[in-house]
Protein chains: 2
Amino acid sequence: MDTRIIALLELQEEGRYLSGEVLSRELNISRTAVWKHIKKLEGMGYRIEASRRMGYRLLGKPSRLTMPDLMEKLKESSFVPSIKLLDAVDSTQNIAQRMAEEGAPEGTLVIAEQQTKGRGRMGRHWVSPPGKGVWMSMVLRPEIPLQFAPQLTLLAAVALSRALMAIAPLDIGIKWPNDLLIGGKKISGILLESTAEDERLRYVVAGIGISVNLEETDYPPELLEAATSLRIALGRPLERSEVIAAFISQFQQLYTLYHKEGFAPIRSLWEARSITLHKQARLVTPSGVVEGTPVGLDDRGALLVKLAGGEIIPVFSADIKLPAGDGGA
Amino acid sequence: MDTRIIALLELQEEGRYLSGEVLSRELNISRTAVWKHIKKLEGMGYRIEASRRMGYRLLGKPSRLTMPDLMEKLKESSFVPSIKLLDAVDSTQNIAQRMAEEGAPEGTLVIAEQQTKGRGRMGRHWVSPPGKGVWMSMVLRPEIPLQFAPQLTLLAAVALSRALMAIAPLDIGIKWPNDLLIGGKKISGILLESTAEDERLRYVVAGIGISVNLEETDYPPELLEAATSLRIALGRPLERSEVIAAFISQFQQLYTLYHKEGFAPIRSLWEARSITLHKQARLVTPSGVVEGTPVGLDDRGALLVKLAGGEIIPVFSADIKLPAGDGGA
């Protein structure tokens, strides 16, 4: 039914409306049913204008990622051996986890047009509507000890911030460990899930969610204070395949550097883009609240926090509350 | 059919044989079929003597773990909120993983009489026949950063060595990180599988395999040089529920100590029982072979190795080859 409605709307000359009455007659369904299908199509990424007097007209179709386009954009990269491009999934993480468990090689990408149960840090839900964002997961098999896995979380944040700044005039700050913010609002989510046996890292699945072309109406109102998209920040849409390719390219460069020279260069790049450092903050850790000023990273990837008394302690895990205005949920 | 054969053998007076011919007639199956069922029962842990002239007699039934016995033995411990006691499973790790994923609380135990696909380090198979060993997995939810997970592997090895020495006169050495050896032969396997989100440890499933009452005939001949059991070492069987209770008690003590005072006391206990230290060794690491003398642990749980030139480096992951005689595959 949905595809028939789209076909009928597309048959109209440019700019012409098709009335609900005609649609109802052609499809042999009630006008309320027509209206319900239109709502559903909007949810799928079709932009449809509804006028009570004149009916409906199609303004835009959802952008779709395609394999030929992705292959073309990624042709310079030797990092990705295979891509699984899917329509709607629960979470790309679940699929990539299963593939990793079954032996998928490093660089394997799972990309979905839509996630119904996108996962953020600490089990939080992640808004991932169809056609407007990059929702993907990448299998990594780094030859590093388990102790170093948190460094990859920081590396991924650096790679994504550099990728986005390479394709658009954006000022992106990193909130520890891996939130990317524009003007204090979150534009991406990174989640690295590690699986280890004793001290050996078996694999890591890096989940990357980027709010590329979401519009303000895509967010629940209460989220608009804390979240934004590249489209809202730039005032124009970006091509999602270009965003993916830019990320893969940056990630590959930094990952190679990391394997060659260790964490030190990644740490410098992270510190340079951080908005967490040198500002008084409140850190909610599993073992209690720490008040202090983050001053840098240590060589394990922990955040070094200077306490009021001058002592500097490493914080391995925390939710950070920045002063008002620097944002971050 | 198997239970009928056992019932018939048990009906015999002490020491009396039952002929294959009688069994064949009573059960209305061929003598070859009788023989096949006897072999199967032996695989299930029944000890049956077969004499070509006189027939079969039952020498012993497999020991079975029971919930009332386990509850009684563990009644002093507040650490275990629930036990799942199973018959034959693929691997207790798989079951405990699934339960952890579904929210099982810390201390949840999965115990099986037999594993068909017992897993050891690096995907190696682990011999786990019915009724003779402790094959179990425990869910842990430690409030520690991911970086510290490998310390738990060392803690588990210390706990198990102390538990076994508490219930029997055994001299147990720990080979880095967590193999327990008696006279150079392996008597247990420990495997901690960690799952993390970024720098947060979500849960750990500790797999513990202990060769308690295995006899020499339970091992493939090529394994007898590298593996032994408590029964072989002591010359007498031990009660498996007692072994489980001793482990839980030691583990709880050390785990509490670890959360209170950190890794330092665990490190001392580990070093005191180590057979890896102060002997020239060959360490096969993911990034190449290291030759040197392990001298201790660092505060991350890495093995400190002194190289020929005197430099001391941390080794996070390695297969260690000790000089001949100190054993360990």
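Check the entry above for the structure.
Quantities reported herein were computed from a predicted structural model and do not represent experimental measurements.

Enquirer: I tried to follow the sheet that holds strand S11 (residues 288-297) of chain B on my own but got confused; where do I start?
Expert: Note on sheets: strands pair through backbone hydrogen bonds, and any given pair is parallel or antiparallel. Residue and element names in this part refer to chain B. The antiparallel open sheet is built from five strands, whose spatial order is S13-S12-S11-S10-S14. Only two strands of the sheet have a single partner each, and these edge strands are strand S13 (312-315) and strand S14 (319-321). Between one strand and the next, the sheet's axes are offset by a mean angle of 50°, whatever the strand orientation. Relative to S13, strand S12 (residues 303-306) runs antiparallel, the two sharing four bridges. Paired with Val 305 across the two strands is Ile 313, which belongs to S13.

Enquirer: Looking at this structure, I do not really get the relation of the copies chain B and chain A. What am I missing?
Expert: A rotation about an axis combined with a shift along that same axis relates the two copies of the chain. The transform that puts chain B on chain A rotates by 180° and translates by 0.0 Å along the axis, for an RMSD of 0.1 Å. Such values leave the two copies arranged in the relation of a two-fold axis. Nearest to the rotation axis, the C-alpha of Gln 147 of chain B is located 2.1 Å from it, this being the minimum over chain B. Most of the interface of chain B is mirrored in chain A: 100% of its interface residues are interface residues there too.

Enquirer: What is the right way to read the environment of Ser 78 of chain B from this model?
Expert: Residues and elements named next belong to chain B. Position of Ser 78 among the secondary structure elements: in the loop between helix H4 (67-73) and strand S3 (83-89). On the basis of relative accessible area, Ser 78 is assigned to the exposed category, the value being 64%. C-alpha separation for the pair Ser 78 and Tyr 255, spaced 177 residues apart in sequence, amounts to 13 Å. Of the polar contacts made by the side chain of Ser 78, one reaches the side chain of Gln 252; its length is 2.8 Å.

Enquirer: What am I meant to see in the interface of chain B and chain A here?
Expert: When the parts come together, some accessible area is lost, and that loss is often what is quoted as the size of the interface. Contact residues are listed per partner, giving 33 residues for chain B and 33 residues for chain A. Of the roughly 2,900 Å² buried between chain B and chain A on both sides combined, carbon and sulfur atoms contribute 48%. Taken as a group, Gln 147, Asp 198 and Arg 200 of chain B account for 25% of the area that chain B buries against chain A, more than any other trio of residues on that side. For the interface between chain B and chain A, the tally reads one salt bridge. Where Asp 319 of chain A meets Arg 200 of chain B, a salt bridge forms, and the shortest distance between an N and an O atom there is 4.0 Å. Summed over the shared surface of chain B and chain A, the result is 10 residue pairs in polar contact (both at pLDDT 80 or more). Of all the secondary-structure elements, those providing two or more residues to the side of chain B that touches chain A are helix H6 (149-167), strand S8 (185-197) and strand S9 (200-210) of chain B. Sorting elements by how many residues they give to the side of chain B that touches chain A places S8 of chain B first, with eight residues. Taken together, the residues of the side of chain B that touches chain A sort by class into 15 nonpolar, eight polar and 10 charged.

Enquirer: What is the right way to read the pairing of S12 of chain B from this model?
Expert: Note on strand geometry: in a regular strand, side chains alternate between the two faces of the sheet. All names here are of chain B. Every second residue of S12 is oriented toward a common face, the buried set being Leu 303 and Val 305 and the non-buried set Leu 304 and Lys 306. Pairing of S11 with S12 involves four bridges; the strand directions are antiparallel. Bridge assignment links Gly 296 to a residue of S12, and that residue is Leu 304. A loop of five residues connects S11 with S12, the two strands running antiparallel in sequence, and Gly 301 in this loop sits at a positive phi of about 100°. Where S12 folds back on S13, the antiparallel hairpin that results is connected by five residues, among which Gly 310 adopts a positive phi of roughly 105°.

Enquirer: For this particular structure, what's the right way to read the packing of helix H8 (residues 240-261) of chain A against helix H9 (residues 264-273) of chain A?
Expert: Helix-helix packing is described using two parameters, namely the angle between the two axes and the distance between the axes. Residue and element names in this part refer to chain A. Two elements in contact, H8 and H9, have axes separated by 8 Å at closest approach and are oriented at 135°. With respect to each other, H8 and H9 are oriented oblique. Seen from H8, the contacting residues are Leu 254, Leu 257, Tyr 258 and Glu 261; seen from H9, they are Ala 264, Pro 265, Ile 266 and Leu 269. Of the residues contributing to the contact of H8 with H9, the split by class is seven nonpolar, no polar and one charged.

Enquirer: Just checking my understanding: could you explain unusual backbone geometry for this structure?
Expert: Working note: non-glycine residues mostly have negative phi, and peptide bonds are mostly trans. In this structure, Pro 177 of chain A follows Trp 176 of chain A across a cis peptide bond, with omega equal to -5°. As for its placement among the helices and strands, Pro 177 of chain A is situated in the loop between strand S6 (173-175) and strand S7 (179-182). At His 278 of chain A, a position not held by glycine, the phi torsion is positive, near 65°. Positive phi, close to 60°, is recorded for Asn 28 of chain B, a residue that is not glycine. Along the chain, Asn 28 of chain B falls in the loop between helix H2 (20-27) and helix H3 (31-43).

Enquirer: Please explain the nonpolar core as it appears in this structure.
Expert: Counting 145 residues, the largest nonpolar core has Leu 109, Leu 164, Phe 247 and Phe 251 of chain A together with Leu 109, Phe 247 and Phe 251 of chain B as the members making the most contacts within it. Not counting residues up to four positions away in its chain, the partners in contact with Leu 109 of chain A are Leu 74, Val 80, Ser 82, Ile 83, Lys 84, Met 136, Ser 137, Met 138, Ile 244 and Ile 248 of chain A.

Enquirer: When you look at the environment of Gly 296 of chain A in this model, what are you seeing that I'm missing?
Expert: Residue and element names in this part refer to chain A. If you trace the backbone, Gly 296 turns up in strand S11 (residues 288-297). Note on Gly 296: relative accessible area 4%, which makes it buried. Gly 296 sits 24 residues away from Ala 272 along the chain, and the two C-alpha atoms are 9.9 Å apart.

Enquirer: I tried to follow the pairing of strand S5 (residues 134-140) of chain A on my own but got confused; where do I start?
Expert: Residues and elements named next belong to chain A. Counting buried residues along S5, seven of its seven residues qualify, which places the element largely inside the surrounding structure. Across the two faces of S5 the burial is the same, with Val 134, Met 136, Met 138 and Leu 140 and Trp 135, Ser 137 and Val 139 all buried. Examined bridge by bridge, strand S4 (residues 109-115) and S5 share four bridges and lie antiparallel to one another. Paired with Val 110 across the two strands is Ser 137, which belongs to S5.

Enquirer: Which parts of the structure should I look at to understand the side chain of Ser 317 of chain B?
Expert: If you trace the backbone, Ser 317 of chain B turns up in the loop between S13 and S14. With relative accessibility at 6%, the residue Ser 317 of chain B sits in the buried group. Residues within four places of Ser 317 of chain B in sequence aside, it is in contact with Glu 199 and Arg 200 of chain A together with Trp 176, Val 284, Thr 285 and Pro 286 of chain B.

Enquirer: Explain empty space enclosed by the protein to me, please; I cannot follow it from the model alone.
Expert: Gaps between atoms show up when a probe of the same size as a water molecule is rolled over them. Evaluated as defined, the whole model comprises five cavities of 30 Å³ or more. The volume enclosed by the largest cavity comes to roughly 160 Å³. Considering the residues around the largest cavity, the lining is formed by 17 residues, among which Arg 119, Trp 126, Gly 189, Gly 207 and Gly 209 of chain A are closest to the centre. Counting residues per element, the ones that place at least two in the lining of the largest cavity are helix H5 (92-101), S5, strand S8 (185-197) and strand S9 (200-210) of chain A. The leading source of residues in the lining of the largest cavity is S8 of chain A, at four residues. The calculated volume of the second largest cavity comes to roughly 120 Å³. Lining of the second largest cavity is provided by 16 residues; of these, Gln 115, Arg 119, Gly 207, Ile 208 and Gly 209 of chain B occupy positions nearest its centre. Mapped onto the lining of the second largest cavity, the elements with two or more residues apiece are helix H5 (92-101), strand S5 (134-140), S8 and S9 of chain B. For the lining of the second largest cavity, the per-class residue count stands at six nonpolar, nine polar and one charged.

Enquirer: What should I look at first to understand H5 of chain A in this one?
Expert: Residue and element names in this part refer to chain A. Among the 10 residues in H5, seven count as buried, and that is most of the element. Taken together, the buried positions of H5 are Thr 92, Gln 93, Ile 95, Ala 96, Gln 97, Met 99 and Ala 100. Residues of H5 that are buried sit in contact with strand S3 (83-89), S4, S5, S8 and S9. For H5, the side-chain oxygen to backbone nitrogen distance between the N-cap and Gln 93 is 3.1 Å, and the N-cap itself is Ser 91.

Rules used throughout
- Residues numbered from 1 in each chain as written.
- Chains lettered and ligands numbered in written order.
- Predicted model: local features only at pLDDT ≥ 70, side-chain atom pairs only at ≥ 80, totals over all residues.
- Heavy atoms only, no water.
- Pairing = 2+ DSSP bridges.
- Helix = DSSP H or I, 4+ residues; strand = E, 2+ residues; numbered from the N terminus.
- Axes fitted to C-alpha atoms, helices over the stretch in contact; angles between N-to-C directions.
- Least-squares fit on C-alpha atoms with pLDDT ≥ 70 in both.
- Contact = heavy atoms within 4.5 Å.
- Buried < 20%, exposed > 50% of the residue type's maximum accessible area, 1.4 Å probe, protein only.
- Polar contact = N/O pair within 3.5 Å; in protein donor to acceptor, adjacent residues only side chain to side chain.
- Buried area = accessible area lost by both parts, 1.4 Å probe.
- Salt bridge = Lys/Arg side-chain N within 4 Å of Asp/Glu carboxyl O.
- Nonpolar A, V, L, I, M, F, W, Y, C, P; charged D, E, K, R; others polar.
- Parallel < 35°, antiparallel > 145°, perpendicular 65-115°, else oblique.
- Core = buried A, V, L, I, M, F, W, Y, C linked by side-chain atoms within 4.5 Å.
- 1 Å grid on protein atoms, 1.4 Å probe; cavity = no way out; pocket = protein on both sides within 12 Å on 5 of 7 lines; lining within 4 Å.
- Points joined across faces, edges and corners; volume = space filled by probe spheres on them.

Taken by themselves, the reported measurements are silent on function.
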